[in-house]
Number of protein chains: 2
Amino acid sequence: MRRSSEDTKALILRAAREHFAADGYDRATIRAIAATAGIDPSMVIRYFGSKERLFATAADIDLRLPDLGEVPRDQVGNALAAHLVDRWGDGDVLPILLRTAVTNEGAADRMRTVFAGQLAPLIIKLVDDPSEAPARAGLAATQALGFALCRHVLALPPVLAMSREETIAWLGPTFQRYLAGPR
Amino acid sequence: MRRSSEDTKALILRAAREHFAADGYDRATIRAIAATAGIDPSMVIRYFGSKERLFATAADIDLRLPDLGEVPRDQVGNALAAHLVDRWGDGDVLPILLRTAVTNEGAADRMRTVFAGQLAPLIIKLVDDPSEAPARAGLAATQALGFALCRHVLALPPVLAMSREETIAWLGPTFQRYLAGPR
DNA sequence: GAGCGATGTCAACACTTGTTGGCAAACAGA
DNA sequence: TCTGTTTGCCAACAAGTGTTGACATCGCTC
């Protein structure tokens, strides 16, 4: 079959995200990605240069965090918890980062970048004392990533069983304290 | 050199834990483990049968959780937080499980087992309504594993910078609410 | 010392990996 | 139609993997 170059690139990227999310960086082979995309493995290299660069492109991720500045100050915790359940549940976004950042140093770097570039700036606007912002953002990250890990990667049964409302009711206050609570 | 069979087995196991913790299951090669142990790769197979079985032995892990039943009810949160910082910091225990459980399905299984076998029973003794125990244990796991992940695997700077006292002050109340707080 | 099992090394196997170069077919412009 | 570029496939390479079997060497028992 014959396609436009951009179409196949998109095809490969989608297959790559799928495999990286499911198997992590090492186990996701170029051959498997190419097979899913219905394409020869050599095309992957031709279009992306190397596996490392393919991953870098596939993992260039937007967490699509909400603007917590527009939420009432006493509701930011619930808002973040709700976002965590709603937006990070379906897509491959978080599993990609979690599965790969854990074994691939480059991906861990990317994780730190995503964290510093997308989560931290959001927090700064909320905190009175800017010097506290990094620690508070870090704390929020531990709970957010821990939840995503247990639910979408480890699939711990009780965490998997929690409804949207339960999750918000339990995690909301935690985020609220980390983000806007007293020291 | 010549040793007792048990000595070399122990030597291999220690090297294996080291590499599994640092590199995850896939990247930790038998050759590298053998090199660290100062031994021929074939010995690893001879003593443990296969890489999979070596891992199963190396990952047979005791979290050494404290008996929360002996702690004052309003202090269990702090106690768990303190344990998290003190005991899970140095050893290879948690990094092994985190780095491997994420890409290795067998390890994820083991993680669920460790979780169900060691953490959950501890919680049951604390909770009034036993039907709530699994959810509460799951919540505690999200925060505990999330913290370990951010601190020891991802090495997020602000989380890395937190002192023992800060950590307990922030995480203690979270655990307290998850374990013994109101719904 | 002779025999023997335990301990260890070496070389090789079958396989998978990322990656490369050559070649065929489809398209676009002249 | 001729030419050059794009898109694709195929076969192969070099490197690294887990694993295996043949051979050496130590230490013990008779």
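A. Here's a closer look at the protein's contact with DNA strand D. As a matter of local geometry, DNA strand D sits amid 21 residues, with Arg2(A), Arg46(A), Thr29(B), Arg31(B) and Lys51(B) nearest to it. Contact distances for DNA strand D include 3.4 Å between a phosphate oxygen and a side-chain N or O atom of Thr8(A). Backbone polar atom of Asp40(A) to a phosphate oxygen of DNA strand D: 2.9 Å apart, as the coordinates give it. For the surface near DNA strand D, the secondary structure elements donating two or more residues are α1 (5-27) and α3 (41-48) of chain A together with α2 (30-37) and α3 (41-48) of chain B. Looking at the surface near DNA strand D, its residues break down into seven nonpolar, six polar and eight charged.

B. Seen up close, the relation of the copies chain B and chain A. When chain B is fitted to chain A, the best match, at an RMSD of 0.1 Å, comes from turning it 180° and sliding it 0.0 Å along the axis. This pairing of chains is accounted for by a two-fold axis. It is Gly146(B) whose C-alpha, among those of chain B, lies nearest the rotation axis, at 1.7 Å.

C. Spotlight on α1(A). Look at α1(A): only 27 Å from first C-alpha to last across 23 residues, short of the 33 Å you get at 1.5 Å a residue. Largest kink in α1(A): about 85°, centred on Ala21(A). Of all the residues in α1(A), the buried ones are Thr8(A), Ile12(A), Leu13(A), Ala15(A), Ala16(A), His19(A), Phe20(A), Ala21(A), Gly24(A) and Tyr25(A). Buried residues along α1(A) sit against α2 (30-37), α3, α4 (51-58) and α6 (93-101) of chain A together with α1 (5-27) of chain B.

D. Quick look at the environment of Thr8(A). Residues and elements named next belong to chain A. With respect to the secondary-structure elements, Thr8 resides in helix α1. Expressed as a C-alpha distance, the spacing of Thr8 and Gly38, which sit 30 residues apart in the sequence, is 9.5 Å. Discounting residues that sit within four places of it in the chain, Thr8 has contacts with Arg3, Ile39 and Tyr47. A polar atom in the side chain of Thr8 sits 3.2 Å from the backbone oxygen of Ser4.

About the cut-offs
- Residues numbered from 1 in each chain as written.
- Chains lettered and ligands numbered in written order.
- Predicted model: local features only at pLDDT ≥ 70, side-chain atom pairs only at ≥ 80, totals over all residues.
- Heavy atoms only, no water.
- Near = heavy atom within 4 Å.
- Polar contact = N/O pair within 3.5 Å; in protein donor to acceptor, adjacent residues only side chain to side chain.
- Helix = DSSP H or I, 4+ residues; strand = E, 2+ residues; numbered from the N terminus.
- Nonpolar A, V, L, I, M, F, W, Y, C, P; charged D, E, K, R; others polar.
- Least-squares fit on C-alpha atoms with pLDDT ≥ 70 in both.
- Expected span 1.5 Å × (residues − 1).
- Bend = angle between axes of the 7 residues up to and from the residue.
- Buried < 20%, exposed > 50% of the residue type's maximum accessible area, 1.4 Å probe, protein only.
- Contact = heavy atoms within 4.5 Å.

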